[in-house]
Amino acid sequence: MKRNMKAILIVFAGLVIFLAGCKRDEYYIDGGKAQADYPGSMMEYLEQKPVPFDTIAQIVKLAEMEDTFRNADFTFFAPDDDVVKRTIGSLTNGGLNADLYRLGRDTVRQLSDISPVIWRKFLTRYMFAGINRLKDYPQIDLGLQSQYPGQLYYSNSNDVFNIGVIYGDANGVRYIGPRRLHIMYIPDIASPTATYSPTYISSSDIKPRNGVVHTLAYSGSYFGYNYGEFFDDVYVTGLTSSN
């Protein structure tokens, strides 16, 4: 009888612990999960994320592409504000302003000094037709591209990129670990393995009402990937007065 009573108490205690655990689960939030769906347009998403997209949202408007970001469906590999700041630079720390100053030209005081045509040209390099999530891209292995090459895609600016998913390792087993998007700008289609600024994606598959946003991780690159081309366009076009 005592033995049966002891067994009943053990079962009862286990049930209490189980129910208490279930109750905790009701308010437990896994901080590692991100909300993939955003109940607004891509433009609204950028505007509601001043860090890191305040400057990018401003460039969308300067490029006169606000309607596209509110209504058109596309995939956006979003650069952060730091890419723009690094590209513009300063008189002492390099970048566009240092080079313009060195050549005796006016420097950029505000982003609207640069032609909307230039902003549009380089912004569309980050935009791709269709709605593509991580699962829609093929595997790429940067050390074994003969077998896992990723795939070439044309951006909306008609520039070529290699986009693929890097499969991580886990417990010594290849390709079963976490997966991460990777994008590479290909300056010359005749040399598809030559690239500027290979870039990882810090967060992927954010889904506004129109399109998908993949946020580029910090890579030290410049806006539009090719600083020399960006500088030449600004130099030839000139700046609009900020006065």
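Basis of the calculations
- Chains are numbered independently. Their residues run from 1 in the order of the written sequence.
- At least 70 in pLDDT is required for a residue's local features to be given in this predicted model, at least 80 for side-chain atom pairs to be given and counted, and no such filter applies to totals for whole chains, interfaces and linings, which use all residues.
- Excluding hydrogens and water, the side-chain values take into account all heavy atoms of the structure.
- For helices, the fitted axis covers only the stretch in contact; all axes are lines through C-alpha atoms, and the angles between them, taken along N-to-C directions, range from 0 to 180 degrees.
- Numbering goes from the N terminus for both helices and strands, where a helix is a DSSP run of H or I of at least four residues and a strand is a run of E of at least two.
- Small angles under 35 degrees read as roughly parallel and large ones over 145 as roughly antiparallel, with 65 to 115 read as roughly perpendicular and the rest as oblique.
- Contacts are residue-level and defined by heavy atoms, with any inter-residue pair within 4.5 Å sufficient.
- All residues other than Ala, Val, Leu, Ile, Met, Phe, Trp, Tyr, Cys, Pro, Asp, Glu, Lys and Arg, Gly among them, are scored as polar; the first ten of these are nonpolar and the last four charged.
- Patch criteria: residues need more than 30% relative accessible area and no salt bridge. Like-charged residues are merged within 9 Å; nonpolar side chains of Val, Leu, Ile, Met, Phe, Trp and Tyr are merged within 5 Å.
- The protein chains shown are the only cover counted for residues, whose accessible areas, like all others here, come from Shrake-Rupley with a 1.4 Å probe.
- The salt bridge definition used is simple: a Lys or Arg side-chain nitrogen within 4 Å of an Asp or Glu carboxyl oxygen.
- Here's how the labels work: a residue is buried when its accessible area is under 20% of the maximum for its type, exposed when over 50%, partly exposed in between, all with a 1.4 Å probe on protein chains only.
- Throughout, the arc means that of the directions going from the helix axis to the C-beta atoms.
- N or O atoms within 3.5 Å of each other form a polar contact, as long as, within protein, one can give a hydrogen and the other can take it, and as long as residues adjacent in sequence are counted only when both atoms are side-chain atoms.
- Residue types Ala, Val, Leu, Ile, Met, Phe, Trp, Tyr and Cys, when buried and joined through side-chain atoms within 4.5 Å, form a set referred to as a nonpolar core.
- Planes of paired rings set the category: under 30 degrees apart is stacked, over 60 is edge-to-face and the rest tilted, where pairs are Phe, Tyr or Trp rings (Trp by its six-membered ring) whose centres lie within 6.5 Å.

(A) View of the packing of helix α3 (residues 50–62) against helix α5 (residues 81–88). Look at α3 against α5: their axes get within 7 Å of each other, and the N-to-C directions meet at 60°. Classified by the angle between their axes, α3 and α5 sit oblique to one another. Residue-level contacts link Pro50, Pro52, Phe53, Asp54, Thr55, Ile56 and Ile59 of α3 to Asp81, Val84 and Lys85 of α5. Across the contact of α3 with α5, the residue classes break down as six nonpolar, one polar and three charged.

(B) Layout of a nonpolar patch on the surface. The grouping of Leu103, Tyr235 and Val236 at the surface amounts to a nonpolar patch, some 290 Å² of accessible area in total. By the secondary structure assignment, Val236 is in helix α8 (residues 227–237).

(C) Inspection of α8 at higher detail. The set of residues buried in α8 consists of Tyr227, Phe230, Phe231 and Val234. Each buried residue of α8 lies within a common arc of 95° when the element is viewed along its axis, so the set occupies one face. The N-cap of α8, judged by a side-chain oxygen 3.3 Å from the amide nitrogen of Gly228 a few residues on, is Asn226.

(D) How the structure looks around the nonpolar core. Formed by 52 residues in total, the largest nonpolar core has its most connected members in Phe69, Phe76, Leu96, Trp119 and Phe223. For this core, the element with the most residues is α3, which contributes five residues. In this structure, Phe76 is in contact with Met42, Leu46, Ile56, Phe69, Leu123, Tyr126, Met127, Val212, Val213 and His214, ignoring residues within four places of it in sequence.

(E) Fine view of the packing of aromatic side chains. Tallying each qualifying case throughout the model produces 22 aromatic pairs. Consider the rings of Tyr45 and Phe53, whose centres lie 6.2 Å apart with planes at 50°: the pair is tilted. Taken as a pair, Tyr45 and Phe53 share a single burial class, namely buried. Summarising the aromatic geometry, the rings of Phe128 and Phe161 are spaced 5.5 Å apart at their centres and angled 80° between planes, so their arrangement reads as edge-to-face. Separated by 33 residues along the polypeptide, Phe128 in strand β2 (residues 127–129) and Phe161 in strand β4 (residues 160–167) bring together distant segments of the chain.

(F) Seen up close, the pattern of salt bridges. All told, the structure shown has twelve salt bridges when counted by the stated rule. Among the ionic pairs, Arg102 bridges to Asp99, the shortest N-O distance being 3.5 Å. Residue Arg102 and its partner Asp99 are both found in helix α6 (residues 96–102); the two are separated by three residues, about one turn of the helix. Residue classification places Arg102 among the exposed residues on the basis of a relative accessible area of 59%. The shortest N-O distance in the salt bridge between Glu229 and Arg125 comes to 2.7 Å. Placement of the pair is Glu229 in helix α8 and Arg125 in the loop between α7 (116–123) and β2, with a sequence separation of 104 residues. By relative accessible area, which is 22% here, Glu229 ends up partly exposed. Salt bridges linked by common partners bring Lys121, Arg125, Asp159, Glu229 and Asp233 together as one network.

(G) Spotlight on the environment of Ile118. Tracing the sequence through the fold places Ile118 in helix α7. Taking the C-alpha atoms as reference points, Ile118 and Val234, separated by 116 residues in sequence, lie 7.4 Å from one another. With sequence-adjacent residues up to four places away left out, Ile118 is seen in contact with Phe230, Asp233, Val234 and Thr237.

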